Amino acid sequence: MTTEAGTPGPALRPARWVRARLRASPLAALFTAALVLVTVFLAAAFPRIADRNADAALGDYVSHRGIYPTSLHATSRTRPTDTADGLDAVQRELVARVGRELPLSEAGLAHGAHTAFNDMDNPGYARLAEETAPGLSLAYLHGLADRVTLTDGTWPGNAPAAGPLPIVLSRTAADTVGVKLGDVVDSGTGGPTGWRTTVVTGFYRVNDPLDPFWDGLGCPDRACLNLGTNGDNRWQTTGFVDGASLSALTGWGHTVEDFWRLPVDPGSLRADRLDRIRAAVRPFLTGRDATALVTATKRADLHISSFLPDVLTRAAARYHAAMALSAIGPAGAAGVATVVLLLAAVLGTDRRATEIRLLHARGGSRRAVVLRLLGEGAVTVLPAAALGTLLAVLLLPTPRWGHALLAALATTLLALLAFPARVALLWSRQRAARGRGRAIGTLRRVTGELTVAAVTVVAVAEVRRRGVGHAGSSVDPLLAAAPLLLAVTGGLLLARIVPVVLGQLAALTRRGRGLIGFLGPARAARDGSGRRRRSPLPVLALLIAVTTTGFGATVLDTVEHSRMRAARAATGGDIAIAVPDYATLPESFTKTAAELPGARSSTGVRVDSRALFIGADQDYTKAVLVVAEPRAYAEIARSIGAGEFDAAQLVGAPGGADTPVPALFSRDLAGRLAAGTPKVHLLTGNELLTTVAGIVTATPALPDPGLPFVVVPAGPAAQRLPELGRMNKWLGVGDFDPDQVRATLLERGLTQPTGITKLIAQDAAAAGRGTHGLPPGYTVGSSREYAEQLAEDPLQQAAGRLFRYAAVAGAGFALIAVLLTLFQAAPDRATVLARLRTMGLQPRQGLALIVVEALPQVLAAAVGGSLVAAAAVGLLGPAFDISTLVGAEVGNALSLTVVPVLLPTVGLALVACVAVVLEAVVAGRRQIATELRAGDGR
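What counts and what doesn't
Residues numbered from 1 in each chain as written. Predicted model: local features only at pLDDT ≥ 70, side-chain atom pairs only at ≥ 80, totals over all residues. Heavy atoms only, no water. 1 Å grid on protein atoms, 1.4 Å probe; cavity = no way out; pocket = protein on both sides within 12 Å on 5 of 7 lines; lining within 4 Å. Points joined across faces, edges and corners; volume = space filled by probe spheres on them. Helix = DSSP H or I, 4+ residues; strand = E, 2+ residues; numbered from the N terminus. Buried < 20%, exposed > 50% of the residue type's maximum accessible area, 1.4 Å probe, protein only. Arc of directions from axis to C-beta. Contact = heavy atoms within 4.5 Å. Polar contact = N/O pair within 3.5 Å; in protein donor to acceptor, adjacent residues only side chain to side chain. pLDDT = per-residue confidence, 0-100. Disulfide = S-S within 2.5 Å. Pairing = 2+ DSSP bridges.

Trainee: Can you walk me through empty space enclosed by the protein in this structure?
Mentor: Taken as a whole and judged by the stated rule, the model has 1 cavity of 30 Å³ or more. The volume enclosed by the largest cavity comes to roughly 60 Å³. Forming the boundary of the largest cavity are A54, A57, L58, Y61, A315, R318, Y319 and L795. The greatest single-element share of the lining of the largest cavity, amounting to 4 residues, is contributed by helix α2 (residues 26–65).

Trainee: Sorry if this is basic, but what is going on with the environment of V899 here?
Mentor: Structurally, V899 can be placed in helix α26 (residues 898–934). V899 sits 346 residues away from A553 along the chain, and the two C-alpha atoms are 9.1 Å apart.

Trainee: What is the right way to read helix α20 (residues 738–748) from this model?
Mentor: Turn by turn, an α-helix covers 3.6 residues, leaving residues three or four places apart pointing in a common direction. Residues of α20 that are buried: P738, V741, R742, T744 and L745. On an axial view of α20, the arc spanned by its buried residues comes to 160 degrees, and they lie on one face. Turned more than 90 degrees away from the buried face of α20, the exposed residues are D739 and E747. Buried residues in α20 make contact with β13 (575–578), α17 (587–594), β20 (729–734), β21 (779–782) and α22 (783–791).

Trainee: How do you make sense of the side chain of S187 when you look at a structure like this?
Mentor: Take S187: it is sitting in strand β7 (residues 184–189). A distance of 3.1 Å separates a polar atom in the side chain of S187 from the backbone oxygen of D119. When sequence neighbours within four positions are dropped, the list of residues in contact with S187 reads N118, D119, D121, R196 and W252.

Trainee: Where do I start with the confidence of the model for the protein chain in this structure?
Mentor: When pLDDT is averaged across the protein chain, the result is 82; 83% of the residues are at 70 or more. Confidence drops under pLDDT 50 across residues 1–7; counting only partners more than four residues distant or on other chains, this segment forms 8 contacts. Long-range and interchain partners of residues 528–532, a stretch whose pLDDT sits below 50, account for 8 contacts in this model, where long-range means more than four residues apart.

Trainee: Help me understand the state of the cysteines in this model?
Mentor: Taken as a whole and judged by the stated rule, the model has 1 disulfide. Put simply, C219 and C224 are joined by a disulfide, and their sulfur atoms are 2.1 Å apart. Between C219 and C224 the sulfur-sulfur dihedral comes to about -125 degrees; the bridge is accordingly left-handed. With respect to class, C219 is no different from C224; both count as buried.

Trainee: Which parts of the structure should I look at to understand the side chain of S105?
Mentor: Following the sequence through the fold, S105 ends up in the loop between α3 (84–99) and β2 (110–115). Given the relative accessible area of 19%, S105 is considered buried. Sequence-distant contacts of S105, that is, excluding residues within four places in its chain, are made with P263, V264 and D265.

Trainee: I keep staring at the layout of surface pockets and nothing clicks. Help me out?
Mentor: If you roll a probe as big as a water molecule over the atoms, it shows you where there is empty space left. Here the second largest pocket is characterised by a volume of approximately 1200 Å³. Around the second largest pocket sit 42 residues that line it, and P47, A327, P330, H403 and A407 are the ones nearest its centre. For the lining of the second largest pocket, the secondary structure elements donating two or more residues are α2, α5 (274–285), α7 (308–326), α8 (328–351), α11 (402–432), α13 (477–480) and α23 (794–838). Among the elements that take part in the lining of the second largest pocket, α11 stands out by supplying 8 residues, more than any other.

Trainee: What is the right way to read the pairing of β21 from this model?
Mentor: Sheet faces and side chains relate simply in a regular strand, where the side chains alternate between the two faces. Every second residue of β21 is oriented toward a common face, the buried set being V780 and S782 and the non-buried set T779 and G781. With 4 bridges connecting them, β13 and β21 associate as antiparallel partners. Within β21, the residue paired with A576 across the bridge is G781.

Encoded structure:
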């Protein structure tokens, strides 16, 4: 190149493509980066949220089972050569080997030795029966002094060569049995010196009796009540010896064994490794690892047992069933996000179509142009994607990376390749336009849509055949995507129908006097550039969001209602009171409770679980006898839907002992009612003659009967046998306050126990089995509280949150799709409105035209989405087992209700409509004014 003076000048270098393009459209680049950032963050976040929720739910489930069922228990017979150091060495060996495969809890480790219970024959000790002395078990427990506090005396020392064995006892147990400090406890003959005696050197107090550490370690904190089968009831407790006296335990009976407890740490368990953990446990029970432990510890009789495999099996079944259900929500959100990314690519291609044609006309090859576009996209997409992935990793820490990184990578590739691929496709269409291009394009489009429909049919058929959410199921991508596929199919169908309908509507209004009525539908039937065939992506995005949100809302609503129904069925009403065997609910209480605020119907019930049914063949069958007032009991049965019957069926005439009373029989007994008069035999020896009044499958007083049952009316039954008039259960339906019912029970409904029942109650109270200030054995069950308890399951809460997060994400992406469509059509719309303004169109009419043009697509997608959501519930609902989300066995209970589908439909439609109106008001006037000032140069 030369200057005007003829002197050579610097050569012009072409501007760099990427920098030039980013400077030319900075807002588009920023929008692309923001969209990719949000989309990639959500793609990486959803798997990590699911992982965190699953791990938390697993840890909660295992920890609530208790330390005993979730530990490995190793036992071996105590040998005369055993020492405390030797047991410690075995413990270290077990921890080292088992800890390599399983995460162990240091706080729950325990080891030592214990004996069976032997009598405490000293005169003056508490005896519950004349022939039964209190029992004493001896034990050595490593680290005992760290968990108890010595209150009297001294710690036991080394056992002497001859004489009693020094022990310490619980202060509470000593007071109950009557043991004094320094007592020599006589346990009979059989010891190494021919006589078994111990001397109590001290008393201790357990620092925390409810600490799970004591689970399965005998009665260390008190004297426990042991109820014998033949009335030989007695107190039992445990005395502890020093580690130096360990070898002396070998002479205390035939059952003397060392034990080691290895508890699994619930907080370290991972849901994705449940199968691996179960596989690691079993070899320690029976397998090569068990043999290796025998060799390493040099104890040939070492035996390891555990309930942990069963606990993990149930936890795995819950986890897989819940994940199969909760994956539906994120699948729908992923579908909407995919459509939005594709829509952004389509709109970007349309916006730069002229530029692409110019490059083609100037000799640019498809490969070169696509590579330049790919480099341009990499500058905006890759940093945003990396930042989104990093945010998800930092904000949602979890040890698993694979699913999150894979989802982020797939989203990044889609965002990066969508625009260049669309340009390459447009280039191919331009080349094929000369010949059979349009026919081939139509054929491809029809083939693709038919393929989607066929995949949808297969997915729906598989869901109905195999089911979703049942125990043992797992996440199947095809089954999880079934609602999404239904939405895609419905969206494609709607995208073909709506333009035709709007075109026909425009044709009908063509001869009308108003401009808006014709021009609005006519433009709505075309896309933003004026072509006849509108892109189906905006409608598809909104329809998928409405469908998946409506389907998810139906699942959550059904779960909530099913949980309440299950709670009412398990309770026997809205409120239920059960009392111990020795107690009876007085009439003063039942009358007062029936008048509590919110009470609709209530009745006292007698439940006798030790009755026998005698059929016509004179064979005995164990059955449960239920005595209830017919009218109130029928109302309760009708309210909770358990064993509904007509109260008139149980109306019986007064009579003597030989007059049968009408009775409802469970279906279990139906086959034995063919002939004769059935009888119910009571434990007292009395018999009640009955007559068949009906057959039911359930009854409120027995939520889970397990045994056959018979229901008889209270009045006639008590007239024949007065003992049947004493009620031991109370049921009610209505809006009861459980705390008020408990206060009424404490005030008017308690029966003070006597004799052995008093001791049983006291022992239960000492074990912490009383609740809400009520004595042990008295329980007030509330369906509302039980439903709240079921809903507290972290696994259910996690699945619900995942549904809600996915619904919000899907709605957000659907709104973005609507706004993208509006912004893409804005220049053409502004040009048309500017021309119409020069012809006399009023500003108010222009805004109305914008709204009429944009709203039909939104409303059609909303209505179509609600219809597809209803169809999805109808088609897929019978195959969904939501028992895991409910927390109780309810089976396939997913059914269609209007409100859960209608609310998200109206909500999304309203938000989209507001966005349309705001865009028309804010952007419309400004764009029109710009066009009027600049003129139309196109």
